Amino acid sequence: MSYDRSVSASDRELAPETIWHIDMPEIRFGRDATDELAFQLRDLGVEGAATGLVITDDGVADAGHADRVVAHLEAAGLDIDIYADSEREPSIGAIEDCLSFVRDQTDDGYDFYVGLGGGSCMDTAKATRAIIANGGSPLDYVAEPTGDGQTLTESGPPLVLLPTTAGTGAEISPVAILSVPEKEIKEAISSNHVRADAAVLDPTLTTTLPPDLTARTAMDALGHAIEGYTTHEYDSLLRASDPGERPVYAGRTQLTEMFSEKAIRLLSGSVRTAVHNGDDLDAREDMLLGALFGAISGLTAGASLCHAMAYPVGNKYHTFHGETIAVLTPASTIDYNSASDPARFAEVAEIFGVDTTGLTDREAADALKRAYIQLQRDLGVLPSGLSELAGITEDDVDWLAQQTVDTQERLLRCNPRPVTSDDVAAVFRDALHNWEE
Ligand SMILES: [Fe+2]
């Protein structure tokens, strides 16, 4: 008997994914890489006496970083305007303010853009460049039902991002996160046209970051790395019928795994020094590299349950993203998810520096949770749980769980273990107190 081995179109659509790809900005990394920003811009096609906009915030400007960047660019013959009013966790209105600034100053936008600061400044720069190039307003490009769900078709002139924190991964990600205050939700403009053309990562820009911000952003980065390492594999999804329709969070690959592993080592190994001795440039370099590697993994393979739970908390209580990730990780990423694959978490434990000799996989995963909480306690600036973070109690848990399930499908779909709203409520309950204050 012979078999027909040809595969019909419909069979192909139901077959497992066999292909992955990765999109990245150009990356320039190292001490005083800021001094190569003008070269980077020229390399991206910025010619002659072009005029650019540096988008930053007052804290970054006060630290002297904006002056350093502007002096460097002007010395290279470029004209620079500065917008230093970026908001923390920018709202739609904050992006509109930056757009108005650009439209008041120019006929059809600047010749190039530079985003300098934490994730909020970088996201403001990404959204501004994209909307100036495509026209309209932020909500035109936010997904329905909050926005119109229009598609960006243009990237616009060159955009280079310089992070002054080590954590968010905004320098490489294809999203700009925006809050919609009247709905108490966060939305995103998500497209490869939002992604920067280049990221210049200079650890000397991060030494002014105070201990609390250093700790928060580090825990966000560690979250990206661990969630990226433990999310589902890319070939557990169905094959995309069109290469352009592969999801942004497409599952883990050997490449993302490699970056996660290195990120976990760098971040867990150096965060104590970076927090307690911020001038230690070796530790700062490890943190910036670890955050970049964590983002390359977590923001392509996909963040999961912990990030899904963090958004409703941040929207309702206006907590810092990294701090929220820190308090939720033990109960969500480690406890809940490890039940589905203890061996995977035993590997994370080992990478994290836990001595797993003689331990079963389950015991190693539990030891990882203890080591992670000990790390948080050692940093001395992080809350002990959701209770201390924002006064969250048992009474708030069901609402938060329902919000997570209702609004975070994009991230929950990436979770390696299925979740119901009851499961999420139990995880929120577990995260109220990670240790006794
Ligand atoms: Fe994050």
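All of these numbers come straight from a predicted model, not from anything done at the bench.

## Here we look at the nonpolar core
Soluble, globular proteins show a tendency: their nonpolar side chains are buried together. Judged by nonpolar contacts, the single largest core of 124 residues is most densely connected at Val-160, Ala-218, Leu-267, Met-309 and Leu-368. With eleven residues, the top contributor of residues to this core is helix α9 (residues 281-301). Each of domain 1 (31-205) and domain 2 (211-430) accounts for three or more of the residues forming this core. Residues in contact with Met-309, not counting those within four places in the same chain, are Leu-328, Ser-332, Thr-404, Val-424, Val-427 and Phe-428.

## Topic: the sheet that holds strand β8 (residues 198-201)
Spatial strand order, β1-β8-β5-β4-β2-β3: six strands in an open sheet with parallel pairing. Of all strands in the sheet, those bounded by a partner on one side alone are β1 (26-29) and β3 (79-83). Averaged over all pairs of adjacent strands, the angle between their axes in this sheet comes to 20°, without regard to strand direction. Sheet analysis places strand β2 (residues 51-55) next to strand β4 (residues 112-117), joined by four bridges and oriented parallel. Its bridge partner being in β4, Ile-55 is matched across the sheet by Gly-115.

## Considering the domain arrangement of the chain
Many structure descriptions define interface size as the accessible area lost when the parts assemble. Here the chain is partitioned into domain 1 (31-205) and domain 2 (211-430). Look at where the C-alpha atoms of domain 1 and domain 2 centre, and you get two points 26 Å apart. Each side of the interface is counted separately: domain 1 has 15 residues, and domain 2 has 24 residues. Here the side of domain 1 that touches domain 2 takes three residues from strand β7 (residues 185-190), the largest share from any one element. Classifying every residue of the side of domain 1 that touches domain 2 gives six nonpolar, six polar and three charged.

## Considerations on the packing of helix α7 (residues 211-230) against helix α8 (residues 254-276)
Here α7 crosses α8 at 160°, and the two axes come no closer than 9 Å. Between α7 and α8, the interaxial angle falls into the category roughly antiparallel. Crossing handedness for the pair α7 and α8: left-handed. Along its contact with α7, which presents Pro-211, Thr-214, Ala-215, Ala-218, Ala-221, Leu-222, Ala-225, Ile-226, Gly-228 and Tyr-229, the element α8 presents Thr-256, Glu-257, Ser-260, Glu-261, Ala-263, Ile-264, Leu-267, Ser-268, Val-271, Ala-274 and Val-275.

## Topic: the UniProt feature "domain: Alcohol dehydrogenase iron-type/glycerol dehydrogenase GldA" (unreviewed entry) in the chain
Feature annotation in UniProt assigns "domain: Alcohol dehydrogenase iron-type/glycerol dehydrogenase GldA" (unreviewed entry) to the following positions: residues 26-203. The straight-line gap between the two end C-alpha atoms of residues 26-203 is 17 Å; of that span, 30% is helix and 23% is strand.

## Remarks on the UniProt feature "domain: Fe-containing alcohol dehydrogenase-like C-terminal" (unreviewed entry) in the chain
Feature annotation in UniProt assigns "domain: Fe-containing alcohol dehydrogenase-like C-terminal" (unreviewed entry) to the following positions: residues 253-431. Taken end to end, residues 253-431 is 77% helix and 0% strand, and its first and last C-alpha atoms sit 30 Å apart.

## Considerations on unusual backbone geometry
In this structure, the amide linkage connecting Glu-144 to the following residue, Pro-145, adopts the cis form with an omega of 5°. Mapping Pro-145 onto the fold places it in the loop between α6 (119-134) and β5 (159-163). Within the chain, Asp-32 stands out as a residue other than glycine whose phi angle is a positive 65°. On the neighbour-count criterion, Asp-32 (10 C-beta atoms within 10 Å) is exposed.

## Details of the environment of Pro-211
If you trace the backbone, Pro-211 turns up in helix α7. As a C-alpha pair, Pro-211 and Leu-379 span 168 residues in sequence and 8.4 Å in three-dimensional space. Excluding anything up to four places from it in sequence, Pro-211 contacts Val-275, Gly-278 and Val-381.

Thresholds, definitions, all that
- Residues numbered from 1 in each chain as written.
- Predicted model: local features only at pLDDT ≥ 70, side-chain atom pairs only at ≥ 80, totals over all residues.
- Core = buried A, V, L, I, M, F, W, Y, C linked by C-beta atoms within 7 Å.
- Buried ≥ 20, exposed ≤ 12 C-beta atoms within 10 Å, placed from the backbone.
- Helix = DSSP H or I, 4+ residues; strand = E, 2+ residues; numbered from the N terminus.
- Domains from an automatic or database assignment.
- Contact = placed C-beta atoms within 7 Å.
- Pairing = 2+ DSSP bridges.
- Axes fitted to C-alpha atoms, helices over the stretch in contact; angles between N-to-C directions.
- Nonpolar A, V, L, I, M, F, W, Y, C, P; charged D, E, K, R; others polar.
- Parallel < 35°, antiparallel > 145°, perpendicular 65-115°, else oblique.
- Left-handed = near helix turned anticlockwise from the far one by under 90°.
- UniProt positions renumbered as here; feature names shortened; annotations may be inferred.

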